[in-house]
Amino acid sequence: MARNPEKMPLDEEHTILSQALEAFAETTATAATVLKTDVRLPQGVADAEIRLADGKEWLVEVKRNMTPAMIGAAVAQLDRFNKPGILVTRYITPPMAERLKTLDVPFMDTAGNAYVRGKNLLIYVTGRKPPTPAVSERAVRALRPTGLKVIFALLCWPDLIDAPYRAIAQAAGVALGTVGWVFNDLRRLGYLNETKAKGRVCEDRPGLIDKWVEAYAQQLRPRLKPQRYRVTHPDWWKTENLADLGMWLGGEPAAAILTKHLRPEIIILYGHTHFATLARRIKPVKDEYGNLEVLYKFWAFDFPELDTNYPLVPPLLIYADLVATGDARNIETAQIIRKRFLANG
């Protein structure tokens, strides 16, 4: 399998890793050795494998830049390796450093900030300033909100990839012209191959899922006008006929229904059209830290009903919302969703 071109150029990736290891050695007096790069595993591709002075070996995930919205996705990627993993990036702010430390996620950056905990090793350095301004990623339109709607439809409905552009646009709820430039980007990024014999084929579905989940949290989700409320009775959603209201459960309650693996604390609903009707019954109060979040529905396709008594969003969106929380138990549940419901992803 060829290396996924969605990653940053290898020379830039290697530069970030090299600079981070140099800064780590300078600030901690602890050496780290690169054993190999581009490490292929059954669960995906790690960017490198390194060994620290205590002899412990770590798989590396390199990110050009990190934002708070990306933390959950990065943690989920490291977890899937099923081996000790470390996040390497240009710069980790003090609040992000504290968040990663709370989640027990090892990291290094090119400024010398780091958190590493091993059997005989504990390092935590934060507050060091970035040596140079962070470099912004080149804009990829397919990873902007409208493009993400198309990718979502393709990932949820795999047979759609070889359908006419008009059918794809209708399923994604976008203009017809959008599909062409999204496909051009996907070809350039290595996610789409097209031949006369096989038609269009999605390449590296797991990598595309990772990229969509990361971009969804940053780009599309904030555009869905999320609103938070507090509802007195936490289990109200179990007795409401949400399907009749054109609403779908996502996040924690959807995951709880599918896996029986957690007790939901935050209820996520997609679909706002008839929220006023629901509100008259459940009496929600505006609260930015409340236990109910309502977002606009952004897809226009029907997908196979899951065997439940509740209307649920597609599993990919359940997975993405769990990952975006950055909560360790939610990420653990997200991995169960991925293995069971995101085939070959």
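Nothing here was measured: the structure is a model prediction, and the numbers come from that model.

### Topic: the overall build of the chain
In step 1: Summing up its helical and strand segments, the chain has 11 helices and 14 strands in all.
In step 2: For the chain, whose C-alpha radius of gyration is 21 Å, the value lies close to the compact-globule estimate of 20 Å for 345 residues.
In step 3: Principal-axis analysis of the C-alpha atoms places the extent of the chain at approximately 60 × 55 × 35 Å.
In step 4: Within the chain, the proportion of its 345 residues that are buried is 53%.
In step 5: Restricting the contact set of the chain to residue pairs at least 6 apart, pairs at least 24 apart contribute 63%.
In step 6: Taken as two groups, the 46 positive and 39 negative side-chain charges of the chain have centres that lie 3 Å from each other.

### Some details on the sheet that holds strand S5 (residues 107-109)
Across a sheet, strands are paired by hydrogen bonds formed along the backbone, either parallel or antiparallel in direction.
In step 1: Taking strand neighbours across the sheet as the criterion, the 7 strands line up as S1-S2-S3-S4-S5-S6-S7 in an open arrangement whose pairing is mixed. In this open sheet, the two strands that pair with only one neighbour each are strand S1 (32-41) and strand S7 (121-125). The average undirected angle you get between the axes of adjacent strands in this sheet is 30 degrees.
In step 2: When strand S2 (residues 44-52) meets strand S3 (residues 57-63), the two strands line up antiparallel, connected through 4 bridges. From the neighbouring strand, Arg51 faces S3, where its bridge partner is Glu57.
In step 3: Helix H2 (residues 71-80) contacts S3 and strand S4 (85-89) of the sheet and is inclined by roughly 140 degrees relative to S4.

### A closer look at the environment of Arg223
In step 1: With respect to the helices and strands, the residue Arg223 is situated in the loop between helix H7 (205-220) and strand S10 (227-230).
In step 2: For Arg223, a relative accessible area of 53% corresponds to the exposed category.
In step 3: Considered as a pair, Arg223 and Leu295 are 72 residues apart in the sequence and their alpha carbons are 9.0 Å apart.

### Let's talk about the side chain of Arg200
In step 1: When you line up the elements, Arg200 lands in strand S9 (residues 199-202).
In step 2: From its side chain, Arg200 meets the backbone oxygen of Ala163 in a polar contact 2.8 Å long.
In step 3: Other than its neighbours up to four places away in sequence, Arg200 contacts Ile161, Asp162, Ala163, Tyr165, Ile168, Phe183, Leu192, Asn193 and Glu194.

### Things to note about the environment of Phe107
In step 1: Here Phe107 shows up in strand S5.
In step 2: Separated by 19 residues in sequence, Phe107 and Val88 have C-alpha atoms that sit 5.7 Å apart.
In step 3: With near-sequence residues (within four places) excluded, Phe107 lies in contact with Ile86, Leu87, Ile92, Ala97, Leu100, Asn113, Ala114, Tyr115, Val116 and Tyr124.

### Overview of the side chain of Glu214
In step 1: In this fold, Glu214 is placed in helix H7.
In step 2: By relative accessible area, which is 5% here, Glu214 ends up buried.
In step 3: Within the structure, the side chain of Glu214 is placed 2.8 Å from the side chain of Lys63, a separation counted as a polar contact.
In step 4: With sequence-adjacent residues up to four places away left out, Glu214 is seen in contact with Lys63, Met70 and Ala73.

### Side note on the nonpolar core
In step 1: Among the nonpolar cores identified, the biggest contains 96 residues, and Trp212, Trp236, Tyr270, Leu292 and Phe298 are the most heavily contacted of them.
In step 2: Sorting elements by how many residues they give to this core places helix H4 (residues 145-156) first, with 8 residues.
In step 3: In terms of nonpolar packing, the next biggest core, distinct from the first, is built from 19 residues, Leu21, Ala48, Ile50 and Val60 among them.

### Examining unusual backbone geometry
In step 1: The residue Asp38 is not glycine, and still its phi comes out positive at about 55 degrees.
In step 2: Relative to the assigned elements, Asp38 resides in strand S1.
In step 3: What makes Asp38 partly exposed here is its relative accessible area of 22%.
In step 4: Its identity is not glycine, yet Asp104 carries a phi of approximately 60 degrees, on the positive side.
In step 5: For Asp104, a relative accessible area of 36% gives the class partly exposed.

### Some words on the confidence of the model for the chain
In step 1: Per-residue confidence for the chain averages 89 on the pLDDT scale, and 94% of its residues sit at or above 70.
In step 2: Across residues 1-7, where pLDDT falls below 50, the model places 23 contacts with residues more than four positions away in sequence or in other chains.

### What about the pairing of strand S12 (residues 267-270)?
In step 1: Across the two faces of S12 the burial is the same, with Ile267 and Leu269 and Ile268 and Tyr270 all buried.
In step 2: Looking at chain direction, strand S11 (residues 248-250) and S12 are connected through 3 bridges and run antiparallel. Paired with Leu249 across the bridge in S12 is Leu269.
In step 3: The sheet contact formed by S12 and strand S14 (residues 292-295) spans 4 bridges and is parallel. The residue of S14 that forms the bridge with Ile268 is Glu293.

### Concerning the environment of Thr232
In step 1: On the secondary structure map, Thr232 appears in the loop between S10 and S11.
In step 2: As a C-alpha pair, Thr232 and Gly290 span 58 residues in sequence and 9.9 Å in three-dimensional space.

Cut-offs used in this document
Residues numbered from 1 in each chain as written. Predicted model: local features only at pLDDT ≥ 70, side-chain atom pairs only at ≥ 80, totals over all residues. Heavy atoms only, no water. Helix = DSSP H or I, 4+ residues; strand = E, 2+ residues; numbered from the N terminus. Rg over C-alpha atoms; globule rule 2.2 N^0.38 Å. Buried < 20%, exposed > 50% of the residue type's maximum accessible area, 1.4 Å probe, protein only. Contact = heavy atoms within 4.5 Å. Lys, Arg positive; Asp, Glu negative; His and termini not counted. Charge placed at Lys NZ, Arg CZ, Asp CG, Glu CD. Pairing = 2+ DSSP bridges. Axes fitted to C-alpha atoms, helices over the stretch in contact; angles between N-to-C directions. Polar contact = N/O pair within 3.5 Å; in protein donor to acceptor, adjacent residues only side chain to side chain. Core = buried A, V, L, I, M, F, W, Y, C linked by side-chain atoms within 4.5 Å. pLDDT = per-residue confidence, 0-100.

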